[in-house]
Amino acid sequence: MASVLYSPRDPGLKKRDELEDMLEERRRSSDARHALRCYAPAVYKGLAPREVSALRGAVLQSDALQHVIGQVSAECGERRELVQEEAAHLLDEMAHRLRLGTVRFFAYVLSKVFKTLFRSVRVNEEGVQRLQQAIQDHPVVLLPSHRSYMDFLMMSYILYTYDLALPVIAAGMDFMSMKVVGEMLRMSGAFFIRRSFGGDKLYWAVFSEYVKTMLRTGYAPIEFFLEGTRSRTGKSLTPKTGLLNIVMEPFFKGEVFDIHLVPVSISYDRILEESLYARELLGVPKPKETTSGLLKARQILREDYGVMHVYFGHPVSVRSLAQGRVKRSQYNLVPRHIPQRPCLAAQALVGEAAFRLVRLQEQAMVLRPWTLVATLLLQNPDGMDLPVLEEQAAWLRRLALSFGAFLDWPDCKPCREVVGAGLALHKNLARVSGGRVRLAVAETPGVGQTAEELAFDRAVGVLSCASYRNQILHVFIRPALLSVALRTANSSRKDEVYTCFNFLWTVFSNEFILCPGASVQDFEEACYLLGKCCAVQESQQDIVMSEGGHATLAFLRALLDPFLQGYQVVCQYLCKETEENLRENKFVPAARNFALQLILAGTLKCYEALSSDLQKNALAALVQLEAVTKVKVGDQVTLKVNRRAASSLEDMLGGRIPTQKPVHARL
Amino acid sequence: SSHFFRQDIMKWNGWGYSDSRFLFNKKGQGEFTGKRYRLSGMILPSLKDWFEATFGTSLQHKTPATPTLNVSAVPPPNLVEPFVEELKVAGVAASHDPEGRVFRSHGHCLHEIFALREGRIGRVPDLVVWPNCHNDVVKIVELACKYNVCLMPYGGGTSVSSALECPLEETRSVVSLDTSQMNRILWIDEKNLTVHVEAGIIGQDLERQLNESGYCTGHEPDSMEFSSLGGWVATRASGMKKNIYGNIEDLVVHIKMVTPRGVIEKSCQGPRMSTGPDIHHFIMGSEGTLGVVTEVTMKIRPLPEYQKYGSIVFPNFQQGVSCLREVARQRCAPASIRLMDNEQFQFGHALKPQVSSIFTSFLDGLKKFYITKFKGFEPHHLCVATLLFEGDREKVLQHEKQVYDIAAKFGGLAAGEDNGQRGYMLTFVIAYLRDLGMDYYVIGESFETSVPWDRVLDLCRNVKERIVRECKERGVQFPPFSTCRVTQTYDAGACVYFYFAFNYRGLADPLHVYERVEHEAREEILANGGSLSHHHGVGKLRKEWMREAVSTVGLGMLQSVKEYVDPNNIFGNRNLL
C-alpha cells in the first residue's frame, strides 16, 4: 500500500472513480425526513459508541496527562489539584460535544443551503465505500484540502448523508468568538485548538492526549486540515506536521494496529470567499469571524456557485508507510505515557507523509475548464478573441490531460459551450464584449477613485482570477520549472539544466508543494512529461527543445512568470530597503508598498507581486538561501539582509546571470 | 534394548505417543485414541464442526502422512572410524541405525514435522551415542575433541527452535549425544530439600519418582512428559507452577557440565553467592553450544497436601488481563493462572467430550444461559481463566477466595473446577491436535513471548491481527486461526502464548508462507515490546534477532565465552549465536 504515495510515472494513467451528485436525492425527497432518518453508522470494530463524558474522564485520568500534570505542578510549585483543574478547564474549552440533535439540525439547514448554493455536489461513492470499510477496520484520520469554510460542514454533511460515522474536527480557536455558531459547531463535532501554544506543556498534553484517546478507542474519525488554514490562493499550502505527528504516534507506540489516513480533495467551481481572499492577500485584514458577519453572508446565498466536487482518496496505511522506516521498538524502554521526542526517522517519515498526502489531495482535485480559461486570460492581459481563446483552451486541455490532470471537461460538448459555461459562471471575473474576452478589471479610475485604489481594484480582479489558475499549477509546476531552466541554462547538458532546475525548485519550495529532497525525482518527472508531449528531446547527455515544443515551453514559462517577477520585486525591495533593523511584521506592508509604487510608475505590470502570500513565500525562500537572516531581539524579529546575495538572487531569477549552485544535490 | 525404548513408543513424524492421536472416525466424529490421557477413548462431538468452520476445511480433503520411514532416503553416515573404535573400547553404546538417527535429527517445529510427514529427510546425525553417566560424557567429549567430531546433545527432543537441526554447512561427522540413559536420581537431601539427578531424566519420571518419596520439584513445563532436565537447563525452561516453585533458574542449586575445556561446576551448594557473575547463567540457556549438562542439584518440596482447580469467565479479554495484572500486583497468583482469549475458549468447547447424562448437559445449558443471557456476556467476547491452587487445604480455600474476590472486581464469574481442570488437561493434548490438522491441509504452530504488563493487550491484539493480515496478503484463502493466551504472570509483566494455524489448500509453498507469517509475527512482537523468547529459546529459528535482543556487546560477550570454552566448535549445533 506504500505505493499509493508514489504516483505512477505516468500520472495520466491513474484510474479515478466516477463522481455522483449527492444532492440529486435531496432535491427529490424531504429534507426534514433526511434530517430525522435513522442514523446508524458502522463503527470501529463494532464497538459501542462512547459517551462524551466517558471520553473526558479517560483523557483527564490518562497516565500521559497525569504524568505531565505532576511535572507541571513540580515545576511551578502549584498544587497538583490546581493543575488538574486547569487541565480540566483546558479540556472543556477544547472538547467537542457531538450531539445527534445538532447534527440533524445541520443536516436540515445544510440541505437547504447547499441546494441553493450549488448546482450539484459530486462525490466519488466508491471512495465513500472505501472509507466506510476503513472506519470499521482501523482508526481513521480524514485529511481534507482546505479552501473554504464550507469544507468541514460539507464533510460532516456527506458523512451523515452516507450513514458514516461523523468525524470530530480540529478547528481553530477563532470560531469560538462566534458564540452561537461556535457552540453549534462544537455540538456537531468540532473541537477547538488555540492557534499557538508553543511552550505550554500542559496545553499540549491535554490536546494531544485528547486526540490520541479518540484515535486509540476508535471513538470517531478524526478530521483536520494538513494545510493548517484555508488556502487563500487556491494553491495547496505547505503542510503542518504537528497534528499528523500526534495522530501517527499511537501506531509507532503499538497502541493501535494501524491508522488509516484518508486524503480528501474538495474543489469548488467558485469559492464563496473568492474576492474576500483577494482582499486579504492585498492587506485588507481578515474580518473577525462574527455571527452577524456570517448573517450578512446571506447575500451569498443568492449567487450561483456551480458544482462542488469531493473526492475521497484511497486510505493510506500508516503501518505501510512506516514499514522498514521506523523502528517501533525504540519505544520499548520508556513507559509509553512519558512524552518522548520521536526519532529522526519518525520525524522524517511524518514530514514526508504530510507532503505526499497534500500531493494526493492535489492530484484528486477536480479541475474545471474555467481554470484553463483563467490561466489563458491571465497570460493575455489585453484580452483574447473568443475563437482564439477557445482554440487555446482546447490545446491546453490536451496538454493538461497528458500531464495527468483530473480535468472535468465534458467530452460530448463542443469546446465553445464548455468555455462559454465557465465564462458565464465567472462573469464577475471575465467579461465578453465584441467577441473579445478579457479580465473584468477597470481600465480607468472610477469617480473619486485614486490611482492607488484603481491599482488595488485591478489587483483584486487579477488575484481572484489567479486563484483559479493556481488550482492547476500542481499539474504543470515541474515541467514549468524545467522550461524556465532550459531557457536560463548555459548549455543543453542535463547536469547544467538540472542545476538551474534545482535552483528554481529550491527557491519555489515554499510556493508550491515540492516534497523535500525530491528534486531529482521531480526533474525526471518533468523531463518525462515534456518528452511525452514532444516539447523536448532527451539524449544520454542533453536535453533540448524539440522543433514543435516552442508553444508548450512558452506557455509553461509564462505560467511561472508572475512568481519569477514577484520574487524579483521582493529581492529588489530588500536591496533598496534602507531601514537597518527591518522588523519582520513590517516586511509585508513595506514590500507591498514598494511593488505598488512600481506598478503606479508603470514599470511593473505584474499585479500578483502585491500578494502577501507571494511575499511571505519569497521571504521564506530568501531566509532558506541565507540572503536574509532573522534576528530575534527581545520579542521582536528583525530581518538582516545580505544585499549582495539578494541582488544576485534577483539577477538569477531574471536570467541575467547564470545560476550558481545554491544547493548541492546529486543528479 | 532400552536405547530405543522411547523411539519405539513414540511417533517418528508427529507429537507424542504412537498410540495417542486425534482422528475423525467413520461417522465424522472427533476421537482421541489410546488410554494415556483423560480424553483418551472419548468421542468429541463438536470437534468436526469447529474444525470445519474455523479452517474452512472439509473432511473430504485429506493430506495423510507418509506412513513409514523410507530408510533408503536416509543419507549414509559419515563416520570417523577411529572415533567409533575408541568409543567402543571405552564401552559407550553407539549406533548408526538410520531410524535412530532420523529420530534425533529434529525437534517439533512445524517445518521439521511437515518434512517428515512428506518423507523428506534432510541432514541427520551420523552417529548416536548413549553415555551412561558423567564419566562417559567426559570420555565422549575428549574423543570428539581428539577427532574433531561435532557433538549435538539430545535430551527429550521437544525443541521448537530448530535447535536439533544439523547445520547444513557442517561437514564434520555429526554425533548426537543422547542423554536418555543418564536418568537416575543420585541422592535426595531431605535436610536441605535438594535432589541430585542425572540430567537425562525425563520430567514426568523425575516427578513420579520424587512423588514416591513424598516430594516434588514442582517444575512442570507443558512438555514435561517428554522433555529432559538437561534440556530445561540448556533452554532456561519455565514451568506451569513457577508461581510457587520458580522457573528452572530458581530451582537449580548446582550444575555439572562437560565442556571441551573440561568440567565446569561450583565448589559448594550455597543457596546464593556473590562470586562474580553467576556461571550458571552461562550454562542456562546455552542451548548445547558449550557442553553437556550431566548432573544437576535441584530444590525439592514436600508434595502439597491439597490441589484445587478453578476457572473464571470474564466478559472480555481486556477485563481478564486487568484481573491477572491485579493478581500479580497483590502477589497472590495461584500455582498457575492462565487466561485464554475468546477463540481459545471456543476451541476448548470444541474439545468437550460427549456428556454422559442428560443432567450434565442440562447443567451446561443452564450455565451458558446464566452467563450469556443473565449476566449479559457476549459469547464472542467472553474469555476464561483457568486456575490451579496448591498447598494446605485451609490456605488454598482462603487463597481461592482472595483470587475470586479480585476477579469479581473485573466482572469475572467463577466457572467451576471442571472447566479449570479440563483447561490444564488440554495443555497436554493440544500438541497432538496439530497432527490432526496436518491430515486435513491445516498447518499451525505456537510461539511465546514475555512482555511488560502495560503492553500485554496491545501486543496480543497487534500480533493476532498481523498474523491475519500476513496470511491474507500471502494468499491464504481462509482467515487463519490466530489466538493467544496469557500463561504466566510476573511482577513486571506476563508470558503470552500465541497459537496460529491456517488451511493451506491452494498454496504452492505452504511452508514458506507459514515461515514468513511466523517471522512477521515475531517482528510484530519485538516492535510491541515483547521479548524474543520467554522459555522456548533461540535455537536457529530466532538467531537473526539475537543481536537486536541483547546488543552487539552482549552478543560479543556470549561469543567470547563460546570461543574460550569451545574454540574448535565441537558443540557445533550453531544455536543461539
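Residues numbered from 1 in each chain as written. Chains lettered and ligands numbered in written order. Predicted model: local features only at pLDDT ≥ 70, side-chain atom pairs only at ≥ 80, totals over all residues. Heavy atoms only, no water.

Asker: Could you give me a rundown of the overall build of chain B, with the residues and numbers involved?
Answerer: Each helix and strand counted, chain B has 19 helices and 21 strands in total. The C-alpha atoms of chain B give a radius of gyration of 24 Å, which matches the 25 Å a tight globule of 577 residues would have. The C-alpha extent of chain B, read off along each of the three principal axes, is 75 × 55 × 45 Å. Once local pairs closer than 6 in sequence are excluded, the contacts in chain B between residues at least 24 apart make up 77%. As displayed, chain B offers around 23900 Å² of accessible surface, 53% of which is attributable to carbon and sulfur atoms. Each charge class in chain B was averaged separately, 64 positive and 67 negative side chains, and the resulting centres sit 3 Å apart. (Helix = DSSP H or I, 4+ residues; strand = E, 2+ residues; numbered from the N terminus. Rg over C-alpha atoms; globule rule 2.2 N^0.38 Å. Contact = heavy atoms within 4.5 Å. Areas by Shrake-Rupley, 256 points an atom, 1.4 Å probe, with all protein chains shown as cover. Lys, Arg positive; Asp, Glu negative; His and termini not counted. Charge placed at Lys NZ, Arg CZ, Asp CG, Glu CD.)

Asker: Which residues make up the overall build of chain A, and what are the values?
Answerer: A tally of helices and strands in chain A yields 25 helices and 17 strands. The C-alpha atoms of chain A give 26 Å as radius of gyration, which agrees with the globular expectation for 667 residues (26 Å, within 12%). In terms of principal-axis extent, the alpha carbons of chain A reach across some 70 × 60 × 60 Å. A burial count over chain A gives 56% of its 667 residues as buried. (Buried < 20%, exposed > 50% of the residue type's maximum accessible area, 1.4 Å probe, protein only.)

Asker: If you had to explain the side chain of aspartate 458 of chain B to someone new, which residues and values would you point to?
Answerer: Within the secondary structure layout, aspartate 458 of chain B lies in helix α17 (residues 456-473). The class for aspartate 458 of chain B is buried, based on a relative accessible area of 12%. Side chain to side chain, aspartate 458 of chain B and arginine 336 of chain A meet in a polar contact 2.9 Å long. If we skip the residues at most four places from it in the chain, aspartate 458 of chain B touches Gly254, Glu255 and Arg336 of chain A together with Asn528 of chain B. (Polar contact = N/O pair within 3.5 Å; in protein donor to acceptor, adjacent residues only side chain to side chain.)

Asker: Explain helix α18 (residues 510-527) of chain B residue by residue, including any values.
Answerer: Residue and element names in this part refer to chain B. Across its 18 residues, α18 extends 26 Å between first and last C-alpha, which sits within 8% of the 26 Å expected from 1.5 Å per residue. With 14 of 18 residues buried, α18 lies mostly within the body of the structure. Of the residues one or two after α18, glycine 529 is the one with positive phi, at around 85°. (Expected span 1.5 Å × (residues − 1).)

Asker: Summarise the nonpolar core; cite the residues concerned and give the values.
Answerer: In summary, soluble globular proteins display a tendency toward joint burial of nonpolar side chains. Residue and element names in this part refer to chain A. Membership of the largest hydrophobic core comes to 106 residues, with the highest contact counts inside it found for Trp370, Phe476, Leu482 and Phe587. Here this core gets 19 residues from one element, more than from any other, and that element is helix α19 (residues 451-488). Leave out the neighbours within four places in its chain, and tryptophan 370 touches Leu377, Gly422, Leu423, His426, Leu429, Ala430, Cys465 and Tyr468. In this structure, Val59, Ala87, Ile193 and Leu261 belong to the second largest nonpolar core, which totals 63 residues. (Core = buried A, V, L, I, M, F, W, Y, C linked by side-chain atoms within 4.5 Å.)

Asker: Pulling in residues and values, what's your account of the sheet that holds strand β1 (residues 22-24) of chain B?
Answerer: Residues and elements named next belong to chain B. Read from one edge of the open sheet, 3 strands run β1-β2-β3, paired in antiparallel fashion. Since the sheet does not close on itself, it has two edges, and those belong to β1 and β3 (43-44), each with one partner. In this fold helix α16 (residues 417-439) packs onto β1 and β2 (30-32), with an angle of close to 45° to the strand it touches most, β1. (Pairing = 2+ DSSP bridges. Axes fitted to C-alpha atoms, helices over the stretch in contact; angles between N-to-C directions.)

Asker: Can you tell me about the side chain of serine 265 of chain A, naming the residues and giving the values?
Answerer: Residue and element names in this part refer to chain A. In this fold, serine 265 is placed in strand β7 (residues 260-268). One polar contact links the side chain of serine 265 to the main-chain carbonyl oxygen of glutamine 361, over a distance of 2.7 Å. Among residues more than four places away in sequence, those in contact with serine 265 are Ser145, His309, Val310, Tyr311, Leu360, Gln361, Ala364 and Met365.

Asker: Describe helix α7 (residues 203-212) of chain B, with residues and values.
Answerer: Residue and element names in this part refer to chain B. Restricting attention to buried positions, one finds in α7 the residues Gly203, Leu206, Glu207 and Leu210. Seen along its axis, α7 keeps its buried residues to an arc of 95°; they face one direction. A positive phi of about 85° marks glycine 214, the residue just after α7. (Arc of directions from axis to C-beta.)

Asker: Residues and numbers for the state of the cysteines, please.
Answerer: Residue and element names in this part refer to chain B. A full pass over the atoms with the stated rule returns 0 disulfides over all chains. Lacking any disulfide linkage, cysteine 166 is separated from the closest cysteine sulfur, that of cysteine 150, by 7.5 Å. Classification of cysteine 166 by relative accessible area gives buried; the value is 7%. In this structure cysteine 323 is a free cysteine whose sulfur lies 8.6 Å from that of cysteine 332, the closest cysteine sulfur available. You can call cysteine 323 buried: its relative accessible area is 1%. (Disulfide = S-S within 2.5 Å.)

Asker: Quick rundown of the interface of chain A and chain B? Include the residues and the values.
Answerer: Contact with chain A, which involves 16 residues of that partner, is made by 14 residues of chain B. Counting the surface lost from both chain A and chain B, the interface buries some 1300 Å², and carbon and sulfur atoms represent 33% of this. If you look at where chain A meets chain B, you find 7 salt bridges. Between arginine 469 of chain B and aspartate 258 of chain A there is a salt bridge whose closest N-O contact spans 3.3 Å. At the boundary of chain A with chain B, the tally comes to 13 residue pairs in polar contact (both at pLDDT 80 or more). Within the side of chain A that touches chain B, the residues separate by chemical class into 4 nonpolar, 5 polar and 7 charged. (Buried area = accessible area lost by both parts, 1.4 Å probe. Salt bridge = Lys/Arg side-chain N within 4 Å of Asp/Glu carboxyl O. Nonpolar A, V, L, I, M, F, W, Y, C, P; charged D, E, K, R; others polar.)

Asker: Tell me what's going on with the confidence of the model for chain A, and back it up with residues and numbers.
Answerer: All names here are of chain A. Looking at chain A as a whole, the pLDDT averages 89, with 94% of positions reaching at least 70. Of the regions scoring below 50 in pLDDT, residues 1-13 engages in 24 contacts with residues more than four places distant in sequence or in other chains. Predicted confidence is poor over residues 662-667, with pLDDT under 50, and the contacts of this stretch with residues over four places away or in other chains come to 13 contacts. (pLDDT = per-residue confidence, 0-100.)

Asker: Which residues make up the sheet that holds strand β17 (residues 636-641) of chain A, and what values do they have?
Answerer: Residues and elements named next belong to chain A. The strand order across the open sheet built from 3 strands is β15-β17-β16, with neighbouring strands paired in antiparallel fashion. Of all strands in the sheet, those bounded by a partner on one side alone are β15 (582-583) and β16 (628-633). Inspection of the sheet shows β15 paired to β17 by 2 bridges, in the antiparallel sense. In the sheet register, leucine 582 faces β17, and the bridge partner there is leucine 639.

Asker: Requested: an account of the UniProt feature "active site" (unreviewed entry) in chain B, with residues and values cited.
Answerer: Residue and element names in this part refer to chain B. Within the UniProt annotation, "active site" (unreviewed entry) is assigned to Tyr497. Note on tyrosine 497: relative accessible area 10%, which makes it buried. Residue contacts for tyrosine 497: discarding those within four places in its chain leaves Ser446, Phe447, Glu448, Thr483, Cys484, Arg485, Thr487, His535 and His536. (UniProt positions renumbered as here; feature names shortened; annotations may be inferred.)

Asker: Describe the packing of helix α17 (residues 386-402) of chain A against helix α22 (residues 550-576) of chain A, naming the residues involved and giving the relevant values.
Answerer: Pairs of packed helices are described in terms of their axes, by the angle between the two and the distance that separates them. Residues and elements named next belong to chain A. Packing of α17 against α22 leaves a shortest axis separation of 12 Å and a crossing angle of 85°. The angle between α17 and α22 falls in the class roughly perpendicular. Mapping the contact onto sequence places Trp395, Leu396 and Leu399 in α17 and Ala551, Thr552 and Phe555 in α22. For the contact of α17 with α22, the class distribution of residues is 5 nonpolar, 1 polar and no charged. (Parallel < 35°, antiparallel > 145°, perpendicular 65-115°, else oblique.)

Asker: I'd like a rundown of the pattern of salt bridges, residues and numbers included.
Answerer: Tallied over the entire structure, the rule returns 81 salt bridges over all chains. For arginine 216 of chain A, the salt bridge is made with glutamate 209 of chain A, and the minimal N-O distance between the two is 2.3 Å. For the salt bridge of lysine 401 of chain B with aspartate 405 of chain B, the shortest nitrogen-to-oxygen distance reads 2.7 Å. Within this pair, lysine 401 of chain B and its partner aspartate 405 of chain B are both found in helix α15 (residues 393-409), separated by 4 residues, close to a single helical turn. On the basis of relative accessibility, which here comes to 52%, the residue lysine 401 of chain B falls in the exposed class.

Asker: Quick one: what's the story with the pairing of strand β13 (residues 292-299) of chain B, residue by residue and with numbers?
Answerer: Working note: regular strand, side chains alternate between the two faces of the sheet. All names here are of chain B. Counting buried residues along β13, 7 of its 8 residues qualify, which places the element largely inside the surrounding structure. In the sheet, strand β9 (residues 194-198) pairs with β13 via 5 bridges, with the strands oriented antiparallel. Note on β13: the bridge partner recorded for glutamate 198 is glutamate 295. In the sheet, strand β11 (residues 252-259) pairs with β13 via 6 bridges, with the strands oriented antiparallel. Residue pairing across strands places valine 258 opposite valine 292, the latter belonging to β13.

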